[in-house]
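Architecture at a glance
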Amino acid sequence: MKISKHRENINRFYNVLDVLLIIIVAVSVILFILYPMWMVMVKSVNIDGIYSLDIYKNLIKNSTKLITNSLMVAISTTVLTTVMTVIISVYASLTKKWVGRLINLTLMLTMISPPFVTSLSYITLFGKRGFITHDILGLTLNTYGFYGIVLMQSLGFISLSSILLIGIIKSLNSDTIQSARDLGADTGSIIFDIIIPMIRPGILVVAVLAFVRSLADFSTPAIIGGSYNTLAAESYFSVIAYSNLNRAAAINTLIFIPALIGFLIFRHYMNRLPMMGGSTTGSDGLNLPRSGKIYRIFGVLTILFLFILIMQYGSIFLSAITKKTRGVMYFTLENIVESKNHINTTIFRSIGYSLIAAIGGTTIGYLLSYYREIRKVRLMKVIDFIATMPYIIPGTFFGLGYILAFNDYPLPLTGTATIVILNVLFKQLPFSTKIADSTIKQIRPESIDSCKDLGGHEMNVLKDIMIPSSKPGFFLSFINNFTATMTTVGSIIFLVYPGQKLATLIMFDVIQSGKYRIGAVIACLLILVVMLFNISFYLLFLSDKKKTKQSSN
């Protein structure tokens, strides 16, 4: 009787906890994702309590140049990014295994650095006093403007896109490729007639991502755009310089429309991608002859891109430890000493915020996936749709939404650390849910059925089956969220008060004020911290895995 009573109490507790968790997940996603987005749209048509479309009319009438500039940059960046992504991904999948790994490692370097690091290196190498243009070639060129923005955005986007496309190529059906090879097709024909058509959905996803990210990017035009302005940069200046929130909201809503269309295309094709698999090429890549003109051209362009990436990061490191006097460069630690005044405790604040956001985001992401994938709670399909939107909406749109939503009753969070942490937590939520989804799909349904057959509560499935099986995925989600938060700028730039700034924002400020060498020191520090965290967690995870293997033996 005592055992039965005890179990009854536990089940009652689990029932309450179960309902509570569903409410927390659903309400938090609606409150911290949907509500801020809604507030931006309302602000764009509400001027001093009167609803009107005047701002949009004025914007479209007087900002034709801005809209044209933004579209020109976005289209050019999309074309360059997509073409280079296909070339690099195909070559990385065709080449020797160790070369493919080296390419992957180099590509990942951009994933652990702030997005506008490319702009910093561009100024260092090709600016009016740039190392290549001025010091080596003796030129004083104005390299700011359209071409600089397109080049730097493309350099920043290609790495993530290539990693995505390489993963898709690994899931291709190798039987089709092998059949073409048996029929005598050469490597170039197989690339153009089979591989590229098969990865077309992935190419479209890459193109959509590049287009939307380019439209939403304000930091690159703000740093190297010069007089060439775009909608995203104008939105940033509308808040920072003019405090015109109505105009900023209208501009962000205009950018949001193509982003929303891109989001729907992205979801449609991302859901189709796993269906391309069959007998996959796997980690060994494509088993094709490494010969022919196409293979060699792809190889040369890939090596050129990697060389630019390495030169880019090398120049930042060199800028951090050198200075110039009368045109002569010399090594010094003065930049590091001077940077102390700018960063002080900022780096620790960045780490603290990132750790909290990583833990919170990963936990909510896993709970959301659990209720949608295992428990089949219908409401969670809608919640998941909303939770995925921050992945593609402009960061400034999301940040502006937080200012408008939480500057007054009932949740006055403006100026607090909480608003910054909540913003980055929910901005990174799509990554957590996608990683959690892939982890949950690996759990065998028989294990869940066995737990229930033995009288286990639904919460026992979560506690005894899902959590133990999700450790590797949880680790990946955690480290991904940590890295993304450490390097983010767009969504938090309006939320952080001057005395509470994070390292990326300090870096953005010093670069804008022309202190490039201080910016280089902060960039190196950020890359070093993120790299150390990634390596440490990776080693901890591996050692844990080894222990598990040894104990099972």
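Our subject is the structure that appears above.
Residues numbered from 1 in each chain as written. Predicted model: local features only at pLDDT ≥ 70, side-chain atom pairs only at ≥ 80, totals over all residues. Heavy atoms only, no water.

Each helix and strand in the protein was counted, giving 25 helices and four strands. Rg of the C-alpha trace for the protein: 25 Å, near the compact-globule value of 24 Å for 553 residues, within the 12% margin. When burial is assessed residue by residue, the protein has 51% of its 553 residues classed as buried. For the protein, the distance from the average position of its 47 positive side-chain charges to the average position of its 25 negative side-chain charges is 5 Å. (Helix = DSSP H or I, 4+ residues; strand = E, 2+ residues; numbered from the N terminus. Rg over C-alpha atoms; globule rule 2.2 N^0.38 Å. Buried < 20%, exposed > 50% of the residue type's maximum accessible area, 1.4 Å probe, protein only. Lys, Arg positive; Asp, Glu negative; His and termini not counted. Charge placed at Lys NZ, Arg CZ, Asp CG, Glu CD.)

What follows is about the pattern of salt bridges. In this structure the tally under the stated criterion is 13 salt bridges. We note a salt bridge from Glu234 to Arg247, for which the minimum N-O separation is 3.2 Å. One end of the pair, Glu234, is in helix α12 (residues 231–240); the other, Arg247, is in helix α13 (residues 245–272), and 13 residues separate them in sequence. Given the relative accessible area of 22%, Arg247 is considered partly exposed. Linked by salt bridges that have partners in common, Arg372, Glu373, Asp384, Lys434 and Asp437 make up one network. (Salt bridge = Lys/Arg side-chain N within 4 Å of Asp/Glu carboxyl O.)

Time to look at the environment of Ile136. Note that Ile136 resides in helix α6 (residues 131–136). Using a relative accessible area of 53% as the deciding quantity, one classes Ile136 as exposed. Sequence separation between Ile136 and Thr124 is 12 residues; the distance between their C-alpha atoms is 13 Å.

It is a probe the size of a water molecule, rolled over the atoms, that shows where empty space is left. By volume, the second largest pocket is sized at about 460 Å³. Lining the second largest pocket we find 23 residues, and of these Thr124, Arg129, Gly130, Lys324 and Arg517 sit closest to its centre. Those elements that provide at least two residues to the lining of the second largest pocket are α5 (117–126), α6, α14 (293–320), β3 (322–325) and α25 (516–552). Among the residues forming the lining of the second largest pocket, the class breakdown is nine nonpolar, nine polar and five charged. (1 Å grid on protein atoms, 1.4 Å probe; cavity = no way out; pocket = protein on both sides within 12 Å on 5 of 7 lines; lining within 4 Å. Points joined across faces, edges and corners; volume = space filled by probe spheres on them. Nonpolar A, V, L, I, M, F, W, Y, C, P; charged D, E, K, R; others polar.)

Here four bridges tie β3 to strand β4 (residues 328–331), and the two strands are oriented antiparallel to one another. Opposite Thr325, over in β4, you have Val328 as the bridge partner. Counting the residues that bridge the hairpin from β3 to β4 gives two residues, and of these Arg326 lies at a positive phi of roughly 50°. (Pairing = 2+ DSSP bridges.)

Okay, empty space enclosed by the protein next. Evaluated as defined, the whole model comprises one cavity of 30 Å³ or more. Of the volumes computed, that of the largest cavity is approximately 40 Å³. Considering the residues around the largest cavity, the lining is formed by Ser70, Val73, Gln153, Ser214, Leu215, Asp217, Pro221, Thr230, Leu231 and Ala232. Looking at the lining of the largest cavity, the elements with two or more residues in it are α3 (64–94), α10 (200–216) and α12. Here the residues of the lining of the largest cavity are counted per class, giving five nonpolar, four polar and one charged.

On to the packing of aromatic side chains, then. Applying the stated rule across the entire model yields 19 aromatic pairs. With centroids separated by 5.8 Å and ring planes inclined at 70°, the aromatic side chains of Phe218 and Phe508 adopt a geometry described as edge-to-face. Separated by 290 residues along the polypeptide, Phe218 in the loop between α10 and α11 (219–224) and Phe508 in helix α24 (residues 503–512) bring together distant segments of the chain. For the pair formed by Phe218 and Phe508, the shared burial category is buried. Look at Phe508 and you get buried, because its relative accessible area is 1%. (Phe/Tyr/Trp six-rings, centres within 6.5 Å; stacked < 30°, edge-to-face > 60°.)

A word on the side chain of Arg349. Locating Arg349 in the fold gives a position in helix α16 (residues 346–374). Buried charge without a partner: Arg349 forms no salt bridge, and the closest opposite charge is Asp509, 11 Å away. The contacts of Arg349, once residues within four sequence positions are left out, are Gly499, Gln500, Lys501 and Leu502. (Contact = heavy atoms within 4.5 Å.)

A few words now on α10. Between its first and last C-alpha, α10 extends 24 Å over 17 residues, near the 24 Å set by a 1.5 Å rise per residue. Extensive coverage of α10 is indicated by the burial of 13 of its 17 residues. (Expected span 1.5 Å × (residues − 1).)

A word on helix α15 (residues 334–343). By the burial criterion, the buried members of α15 are Asn335, Ser339 and Ile343. Each buried residue of α15 lies within a common arc of 70° when the element is viewed along its axis, so the set occupies one face. Counted as exposed and oriented over 90 degrees from the buried face of α15: Val337, Lys340 and Asn341. (Arc of directions from axis to C-beta.)

Relative to the elements of secondary structure, Phe237 occurs in helix α12. Phe237 gets classed as partly exposed once you look at its relative accessible area, which sits at 26%. Beyond its immediate sequence surroundings of up to four residues, Phe237 is in contact with Ala222, Tyr242 and Gln512.

Two measures define how a pair of helices packs: the angle their axes make with one another and the distance between the axes. Running from N to C, α3 and helix α9 (residues 187–198) point in directions that differ by 115°, and their axes come no closer than 12 Å. Taken as a pair, α3 and α9 cross one another with a handedness that is right-handed. Facing α3, whose interface residues are Val86, Val90 and Leu94, α9 presents Thr187, Ile191, Ile195 and Ile196. When its residues are assigned to classes, the contact of α3 with α9 shows six nonpolar, one polar and no charged. (Axes fitted to C-alpha atoms, helices over the stretch in contact; angles between N-to-C directions. Left-handed = near helix turned anticlockwise from the far one by under 90°.)

Once that is clear, we can look at the nonpolar core. Ile33, Phe305, Met380, Tyr402 and Phe426 are the most contacted members of the largest nonpolar core, which has 161 residues in total. The biggest single contributor to this core is α16, with 12 residues. Those residues within four positions of Ile33 in sequence are excluded, and the remaining contacts are Ser28, Ile386, Ala387, Pro390, Phe398, Phe426 and Leu429. (Core = buried A, V, L, I, M, F, W, Y, C linked by side-chain atoms within 4.5 Å.)

In this section: a nonpolar patch on the surface. On the surface, Leu71, Ile75, Val79 and Val83 cluster together into a nonpolar patch covering about 330 Å² of accessible area. Structurally, Val79 can be placed in helix α3. (Patch = residues over 30% accessible without salt bridge, like charges linked within 9 Å, V, L, I, M, F, W, Y side chains within 5 Å. Areas by Shrake-Rupley, 256 points an atom, 1.4 Å probe, with all protein chains shown as cover.)

Attention shifts here to the side chain of Ser369. With respect to the secondary-structure elements, Ser369 resides in helix α16. Relative accessible area serves as the criterion here: at 0%, Ser369 is assigned to the buried category. Other than its neighbours up to four places away in sequence, Ser369 contacts Ile374, Thr433, Ala436, Asp437 and Ile440.

Let's shift gears to unusual backbone geometry. The omega torsion across Tyr409 and Pro410 is 10°, close enough to zero to call that bond cis. Mapped onto the secondary structure, Pro410 falls in the loop between α18 (395–405) and α19 (417–427). Positive phi outside glycine occurs at Ser243, with the angle close to 50°. Checked against the element boundaries, Ser243 lands in the loop between α12 and α13. Ser243 gets classed as exposed once you look at its relative accessible area, which sits at 57%. Even without glycine at this site, Lys376 takes up a positive phi of about 55°. When its relative accessible area of 57% is taken as the criterion, Lys376 is described as exposed.

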